[in-house]
Amino acid sequence: MRAGSSEEDLDDIIDEICNDSSFTKTPPKLKSNSASLTPERNGVVVQAHGKRCCPVYLGGSLSPSGIGTNISKRTCDQLRCTACDFRVSLFNDYVWDQSCDYLFFRNNMPELSKLRAKMIKKKGARAYACQCSWRSIEELTDLQTQPRLRSQQ
């Protein structure tokens, strides 16, 4: 078998895969569990179309969300924790009870029904959590100013 022939075969296979109409380029839509208590869309690492938040902002439910920049200060809705490599869930108009601890989140994330036990309704706030960290935020905050929180995008 000639080297040129195998390269052409490989090119044909790649073209066939790329042109396959059954291959979808849009991500699947997530189902909502509740209208008032749901995580944000696709909640912290890879942003839509390869765009990333820089710097990363956290904020309450009144802060606009999306891809944040220095000019457009928006709360990042695509977060992943660098410590536990878990997607960060966001809950609008809720804060975490002060009795929350590491084991609560480690054992209950991401099951909303179990998390509700330690959520307190608070208009304008947003509760953030992964399996190892949690925060309740009301004001727009740069993630770099939060000593214990990190993100990966």
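Residues numbered from 1 in each chain as written. Predicted model: local features only at pLDDT ≥ 70, side-chain atom pairs only at ≥ 80, totals over all residues. Heavy atoms only, no water.

Observations regarding the overall build of the protein chain
- Per the secondary structure count, the protein chain includes three helices and seven strands.
- Counting from the amino terminus, the protein chain carries its helices and strands in the arrangement α-β-β-β-β-α-α-β-β-β.
- A burial count over the protein chain gives 37% of its 153 residues as buried.
- A total of about 10,000 Å² of accessible surface is found on the protein chain, and carbon and sulfur atoms cover 50% of it. (Helix = DSSP H or I, 4+ residues; strand = E, 2+ residues; numbered from the N terminus. Buried < 20%, exposed > 50% of the residue type's maximum accessible area, 1.4 Å probe, protein only. Areas by Shrake-Rupley, 256 points an atom, 1.4 Å probe, with all protein chains shown as cover.)

Side note on the sheet that holds strand 5 (residues 119-129)
- Strands sit in the order 4-5-6 across an open sheet of three strands; the sheet is antiparallel. A single partner strand is all that each edge strand has here, and the edge strands are strand 4 (89-96) and strand 6 (134-137). Neighbour to neighbour, the strand axes of the sheet diverge by 40° on average, direction disregarded.
- Judged from the seven bridges that link them, strand 4 and strand 5 form a sheet pairing that is antiparallel. Looking at strand 5, one finds that Val95 is bridged to Ile120. (Pairing = 2+ DSSP bridges. Axes fitted to C-alpha atoms, helices over the stretch in contact; angles between N-to-C directions.)

A closer look at the confidence of the model for the protein chain
- For the protein chain, mean pLDDT is 74; residues scoring 70 or higher make up 64% of the total.
- This model gives residues 22-48 a pLDDT under 50, and the stretch forms 57 contacts once residues within four places in sequence are excluded. (pLDDT = per-residue confidence, 0-100. Contact = heavy atoms within 4.5 Å.)

Describing unusual backbone geometry
- Of note, the bond from Met109 into Pro110 is cis; its omega dihedral lies within 30 degrees of zero at -5°.
- Tracing the backbone through its elements, the reader meets Pro110 in the loop between helix 2 (102-108) and helix 3 (112-115).
- Of note in the backbone geometry, Asp85 takes a positive phi value of approximately 60° without being a glycine.
- Structurally, Asp85 can be placed in the loop between strand 3 (75-76) and strand 4.

Observations concerning the environment of Ile120
- Locating Ile120 in the fold gives a position in strand 5.
- Through-space distance from the C-alpha of Ile120 to that of Val95 is 5.3 Å; in sequence the pair is 25 residues apart.

A few points about the pairing of strand 6
- Alternating residues of strand 6 divide into Arg135 and Ile137, all buried, and Trp134 and Ser136, none buried.
- Pairing between strand 5 and strand 6: four bridges, direction antiparallel. What sits directly across from Ala129, in strand 6, is Trp134.
- The turn joining strand 5 and strand 6, which pair antiparallel and follow one another in sequence, is formed by four residues.

Overview of the pattern of salt bridges
- One pass over the full model with this rule turns up two salt bridges.
- Residue Glu111 pairs with Lys114 through a salt bridge whose shortest N-O separation is 3.7 Å.
- Under the relative-accessibility criterion, Glu111 is labelled partly exposed at 39%.
- On the basis of relative accessible area, Lys114 is assigned to the partly exposed category, the value being 38%.
- Among the salt bridges present, the one from Lys122 reaches Glu138, with a minimum N-O distance of 2.6 Å. Placement of the pair is Lys122 in strand 5 and Glu138 in the loop between strand 6 and strand 7 (141-142), with a sequence separation of 16 residues. (Salt bridge = Lys/Arg side-chain N within 4 Å of Asp/Glu carboxyl O.)

Thoughts on the side chain of Arg126
- Looking at where Arg126 falls in the secondary structure, it is placed in strand 5.
- At a separation of 2.9 Å, a polar atom in the side chain of Arg126 contacts the side chain of Thr75.
- Polar side-chain contacts of Arg126 include one of 2.7 Å to the side chain of Asn92. (Polar contact = N/O pair within 3.5 Å; in protein donor to acceptor, adjacent residues only side chain to side chain.)

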